[in-house]
Structures are given as C-alpha cells and as structure tokens.
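# Coordinates in review
Spelled out, the chains give:
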Amino acid sequence: MTLYPKLITDTLATVRYPGTGKDIVSAEMVADNIRIDGMHVSFSLIFEKPTDPFMKSVVKAAEAAIHTYISPEVEVEIGIETLKEARPEPGKMLPEVKNVIAVSSGKGGVGKSTVAANLAVALAQLGYKVGLLDADIFGPSMPKMFQEEDARPYMDTINGRDLIIPVEKYGVKLLSIGFFVNPDTATLWRGGMASNALKQLVGDSNWGELDYFILDTPPGTSDIHLTLLQTLAITGAVIVSTPQQVALADARKGIDMYTNDKVNVPILGLIENMAWFTPAELPENKYYIFGKNGCKQLSEQMNVPLLGQIPLVQSICENGDNGTPAALDKDSVTGKAFMELAQRVVEETERRNKEQAPTQIVEMTKK
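Residues numbered from 1 in each chain as written. Predicted model: local features only at pLDDT ≥ 70, side-chain atom pairs only at ≥ 80, totals over all residues. Heavy atoms only, no water.

## What to know about the nonpolar core
Counting residues in each nonpolar core, the largest one holds 106 residues, and the members touching the most others are Phe 43, Leu 45, Phe 213 and Ile 214. Here the element with the most residues in this core is helix α3 (residues 112-125); it accounts for 9 residues. If we ignore the near neighbours within four places in the chain, the residues touching Phe 43 are Ile 8, Leu 12, Asn 33, Ile 34, Ile 66, Val 76, Glu 77, Ile 78 and Gly 79. (Core = buried A, V, L, I, M, F, W, Y, C linked by side-chain atoms within 4.5 Å. Buried < 20%, exposed > 50% of the residue type's maximum accessible area, 1.4 Å probe, protein only. Helix = DSSP H or I, 4+ residues; strand = E, 2+ residues; numbered from the N terminus. Contact = heavy atoms within 4.5 Å.)

Written as structure tokens, this is what we have:
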C-alpha cells in the first residue's frame, strides 16, 4: 500500500469537531505538515486553545479514522498546535448577566432538572431575559426537555472572538453538552475534561444580556460544582428535594456546600418537588406518598425560605418527555405552581441583592 497526502486528508475529512459539527479538514484544523515515511504518518491538529475540551476525543477519532479507512498497520503520530484565545477572567465572564442562580439537589431523582427547566420558562413568561445552562455534564437532559435534541449550536465571530450561539426556545437561551455528544453514548470523561467543557459553555458562548442565568447543576457535590464556583459569581442557590427523609438528609449537605466559609453562596430557598400526588381525575385530592411537609420542616430548621411545593402530576413527566415544560400552561395545576415559584425566586433574589454584598468566586489556593 502506498500512502499519499490526499489519502490522509480525505480520511481526516470524515472526522468532525464536536464544537461546531464541521469536519476537521474544512475547519482548517489539520496543519500543513503531513509527513509520510513508508507506513508512518505524522501531522498536527490545530486547536484554538490548550484547554479545548474536545482535544483528546478528536485526536483519538483522527487516529481511528486512519486505521479504519486506510489500514490498521499505519503508524500514526499526531501533534498538537494551539491558537490561544483570550477568555475573560473568572468572575468577569458574564458582565451582562445580572443574576446567576444555581439549581441544586443533594441526590439524584428528585426532579431537579425538571424544576430548573420550568423555572427558566416561568421566568421568561414573566418577561425576564433568561439563560439556562445544562451543567449536568454526565447526564444532560435539557435537549429533550426543550425538544431540541437535534439542535447543533453554531459559532459566530463577535468582537474578534469565536463564540457558541445558544439555542433559543420558549424565550430561554439554552446550552447543554448534550448538543455536542452522541445522546446514545455514555460520556466517559475524567473530571478535568468535563470541567474544561463546562468552562467553554460558560465563557466561550454569546449569552448576552440576561436578568437570570439558571444553572442546572449535577446532583450531589462534585468538582463540577467547584468549577462553577471558581468560574462564576453565583448570586444564590435553590435546593430541590422531595419530602422523604433520605432526600432531606442530602439536601442538608447541599445547603452546607454553598454556605460554608470557603464558598459563601446565599441559599435563596428550598423547593419541595413531588410534594403530593394529585390524580388528574381527582384534582382536589392530595396523597402524600413521599411524606408530608418534609421541606417545610427543613426550611424552618435551617432558617431558609420554602420557595414552593410542586405537586406530582402525570402531566409533568409527559411534558418533560414531549419537550413542552409544564410552565407553558399557566392555567394548569403545575403551571400555576411553577409561576408562583418563579415569582418567589425573583422576590428572594431582589431581597438578597438589597441585603447582602455580591458573591465572590471561590479562589483556588495551593499549599
């Protein structure tokens, strides 16, 4: 077999860069330094910055393409070149964003993402400019909840910087790592890669002017949370829990994560999800299948407001699966609950801003 440069470039044209969806040849990511020595091929791939979250996956994909389409016997050597792009300093990344709200939960399965999506939509329905970042890197669900699973955000050059343009739906600007990865494949990234991807979605995107920037964070406490705390000055956090004791125990840990001395992010309040079950045919009935008023009791013990109690209604699940958040129907039981929740979040945010100094980002200290 004889190797030649065009064979290499034609093969590399089958590899796409997840950030834009373009193949790496037309995107001019393959440097003009292809060298062939028998069955040995070397070349460089060009990335805009050394922290590019897709760097390792693209390099592996390029090597795999050559082995698949040419021959597994080809020895491939790939170098990396970077064009460092200026990114604003942490804490100054979103100068046009007034309030950054983290939606968190101590454990999974309590409906945190459902609450985050509906809170964002409800705030938009109230007339606010809203952005929503799906920061759950390993389990992104917002593309489905907004019926935008096929969306592929593009990049545009703004003031000399190439920025990702968020998807807009229901008055909400939306970004998720789910737009850039295969939805049927598990995201197997080490913590550093996930953190870099999150930083790119925050700092290399054109969020523009926002009244509220909602962060749908992963459940529990992880290095993703630390990345957010070191990148953004979070105005306040809301903690989502169900009424049962095991969920409330983890909600306490979530509250502690934000309020400890090194973080100091105010808790705007608790949200009790699945507070009771109401069957559609008996809308006046309430069945407390997970316990009664668990979050209300915790809010009193922890001295934080109870922002709302969201009932468990079958339509919430159906709306999430169909990509039509319940908050769009203001007259439904759940729609009213989410609209009231949004109003309470606005009230608590305004009160927090009047009474407390702006949040500072968490500084990384080395011993």
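## Topic: a nonpolar patch on the surface
Where nonpolar side chains cluster on the molecular surface, the patch consists of Leu 282, Tyr 287 and Ile 289 and spans about 280 Å² of accessible area. Relative to the elements of secondary structure, Leu 282 occurs in the loop between β12 (267-277) and α8 (294-302). Residue Leu 282 is classed as partly exposed on the basis of its relative accessible area of 39%. (Patch = residues over 30% accessible without salt bridge, like charges linked within 9 Å, V, L, I, M, F, W, Y side chains within 5 Å. Areas by Shrake-Rupley, 256 points an atom, 1.4 Å probe, with all protein chains shown as cover. Salt bridge = Lys/Arg side-chain N within 4 Å of Asp/Glu carboxyl O.)

## Observations regarding the sheet that holds strand β2 (residues 40-47)
Spatial ordering of the open sheet is given by β1-β2-β3, a layout of 3 strands whose pairing is mixed. At either end of the open sheet lies a strand with only one pairing partner, and these are β1 (35-37) and β3 (75-82). Strand-to-strand twist across the sheet, computed as the mean angle between neighbouring axes with direction ignored, equals 20°. (Pairing = 2+ DSSP bridges. Axes fitted to C-alpha atoms, helices over the stretch in contact; angles between N-to-C directions.)

## So, the environment of Arg 161
Along the polypeptide, Arg 161 turns up in strand β7 (residues 161-164). Accessibility expressed as a relative area gives 18% for Arg 161, which makes it buried. For the pair Arg 161 and Asn 99, spaced 62 residues apart in sequence, the C-alpha separation works out to 24 Å.

## Topic: the side chain of Asp 52
Considering the arrangement of structural elements, one finds Asp 52 in the loop between β2 and α2 (55-69). No salt bridge is formed by the buried Asp 52; its nearest oppositely charged neighbour, Lys 49, is found at 5.3 Å. Here the side chain of Asp 52 touches Tyr 17 through a polar contact of 2.6 Å, side chain to side chain. A distance of 2.8 Å separates a polar atom in the side chain of Asp 52 from the backbone nitrogen of Phe 54. (Lys, Arg positive; Asp, Glu negative; His and termini not counted. Polar contact = N/O pair within 3.5 Å; in protein donor to acceptor, adjacent residues only side chain to side chain.)

## Some details on α3
Over its 14 residues, α3 extends 20 Å from the first C-alpha to the last, a length consistent with the 20 Å expected when each residue adds 1.5 Å. Two residues or fewer after α3 comes Gly 127, characterised by a positive phi angle close to 100°. (Expected span 1.5 Å × (residues − 1).)

## Concerning the packing of aromatic side chains
Inspection of the entire model under this criterion finds 6 aromatic pairs. Between Tyr 17 and Phe 54, the aromatic rings sit 5.5 Å apart at their centres with planes inclined by 90°, giving edge-to-face as the arrangement. Here Tyr 17, found in the loop between α1 (5-12) and β1, pairs with Phe 54, found in the loop between β2 and α2; they are 37 residues apart in sequence, far enough to count as distant. Taken together, a centroid distance of 6.5 Å and an interplanar angle of 40° make the contact between Phe 277 and Tyr 287 tilted. (Phe/Tyr/Trp six-rings, centres within 6.5 Å; stacked < 30°, edge-to-face > 60°.)

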